[in-house]
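So the chains spell out like this:
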Amino acid sequence: MISGGCLAIKEGFMKIKWLGHSCFKAEENDFSIVFDPFMPGSVPGYRDICETADAVCCSHGHGDHSYADAVTLTGRNPEGVKMTCMDIPHDDADGAKRGMNRITVIEVNGFKIIHFGDIGCSIHDGSWLKDSDIELLKGADAALIPVGGYYTIGGREAAEIIKEIRPAYAFPMHYRGKGFGYDVISENSDFLACFPESCIDFIDSNETEISKAASGKLLEEGATLIAVLSNKENLK
């Protein structure tokens, strides 16, 4: 079980906050970043985003992933932050349908977090990712991955990736639910059905903290906890 609620950040911990759709804020003592902020009104059901962070990262140029103006930058440039980006298609047709998408890996103070953006194909499709890229994706503390299909990979494809790269925690995103999300995408049920109930944690908050000690233990065991954050705080 990982904890949720309004959390102050302690040494050796990272706070992960879901802001809806594919937008997350990751924060630890020395660094904060917002991934894929969406344009006001671009995703049904969601409140507008207004956050402050050291950095903002957008996986591609679509309006529901690229509204950097929603984030006020601190102006800080913390040392020791490594960002690795990997280009991969937004679809299953080498980008012919929806262009390209960027997977982002952030490494800071011993934590590794991956945001998959709107990945639309297997990490083994074509020659987009090198073997060294796939190795880097393995063993992360947290992986944020779309599961709703239609515009991205679906739940079963997302589960295959998670089972291969084995992060300590996997956070599903970019899916539909009651009162939020695009009608054409699916709920998270197909993704969750691929894992034992004992490996799924429903968190009654849109934010949680993970400790390096706990994630390290999960990684040693080769185990992944699926962390399903609440969306109620993000809705209109």
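Residues numbered from 1 in each chain as written. Predicted model: local features only at pLDDT ≥ 70, side-chain atom pairs only at ≥ 80, totals over all residues. Heavy atoms only, no water.

As for its placement among the helices and strands, Asp-91 is situated in the loop between strand 7 (81–89) and strand 8 (100–108). One polar contact links the side chain of Asp-91 to the main-chain amide nitrogen of Ala-93, over a distance of 2.8 Å. A distance of 2.9 Å separates a polar side-chain atom of Asp-91 from the backbone nitrogen of Lys-97. (Helix = DSSP H or I, 4+ residues; strand = E, 2+ residues; numbered from the N terminus. Polar contact = N/O pair within 3.5 Å; in protein donor to acceptor, adjacent residues only side chain to side chain.)

Our focus in this paragraph is the pairing of strand 11 (residues 169–173). The element strand 11 is extensively covered by neighbouring structure, given that five of its five residues are classed as buried. By the alternation rule, side chains of strand 11 split into Tyr-169, Phe-171 and Met-173 and Ala-170 and Pro-172, which are all buried. Pairing of strand 10 (residues 142–146) with strand 11 involves five bridges; the strand directions are parallel. The residue of strand 11 that forms the bridge with Ala-142 is Tyr-169. At this point the chain moves from strand 10, through helix 2 (residues 155–165), to the parallel strand 11, and the crossover so formed is right-handed. Relative to strand 14 (residues 225–229), strand 11 is paired through two bridges, and the arrangement is parallel. Within the sheet, the bridge partner assigned to Tyr-169 lies in strand 14 and is Leu-225. (Buried < 20%, exposed > 50% of the residue type's maximum accessible area, 1.4 Å probe, protein only. Pairing = 2+ DSSP bridges. Right-handed = clockwise from strand over helix to strand, strands pointing away.)

Okay, the sheet that holds strand 5 (residues 55–57) next. In spatial order, the strands read 5-3-2-1-13; together these five strands make up an open sheet with mixed pairing. Looking along the sheet, the strands with just one partner apiece sit at the ends: strand 5 and strand 13 (207–211). Sheet twist, expressed as the mean angle between neighbouring strand axes with direction ignored, is 20°. Strand direction decides the pairing type here: strand 1 (residues 13–20) and strand 2 (residues 23–28), joined by five bridges, are antiparallel. Following the sheet pairing, Lys-15 is matched in strand 2 by Glu-27. (Axes fitted to C-alpha atoms, helices over the stretch in contact; angles between N-to-C directions.)

A few words on the environment of Ser-66. Positionally, Ser-66 belongs in the loop between strand 5 and strand 6 (71–73). In this structure Ser-66 comes out as partly exposed when scored by relative accessible area, which is 25%. Excluding residues within four positions of it along the chain, Ser-66 makes contact with Pro-37, Cys-58, His-60 and Gly-61. Among the polar contacts listed, one links the side chain of Ser-66 to the backbone oxygen of His-62, at a separation of 2.8 Å. (Contact = heavy atoms within 4.5 Å.)

With that settled, consider unusual backbone geometry. Of note, Asp-36 is a non-glycine position whose phi angle comes to about 50°, a positive value. With respect to the helices and strands, Asp-36 occurs in the loop between strand 3 (31–35) and strand 4 (51–53). The class of Asp-36 is buried, set by a relative accessible area of 1%. At Asp-94, a residue that is not glycine, the phi angle is positive and equals roughly 55°. Within the secondary structure, Asp-94 sits in the loop between strand 7 and strand 8.

Turning to the confidence of the model for the protein chain, a few remarks are in order. With 96% of its residues at a pLDDT of 70 or more, the protein chain has an overall mean of 94. For the stretch residues 3–7, pLDDT sits under 50, and the model shows 14 contacts to residues farther than four places along the chain or on other chains. (pLDDT = per-residue confidence, 0-100.)

Within the secondary structure layout, Ile-33 lies in strand 3. A residue is classified by how much of its surface remains accessible, and Ile-33, at 1% relative accessible area, is buried. The spatial distance from the C-alpha of Ile-33 to the C-alpha of Thr-52 is 8.6 Å, given a sequence separation of 19 residues. Not counting residues up to four positions away in its chain, the partners in contact with Ile-33 are Phe-24, Lys-25, Ala-26, Ala-53, Ala-55, Val-56, Cys-57, Met-83 and Ile-106.

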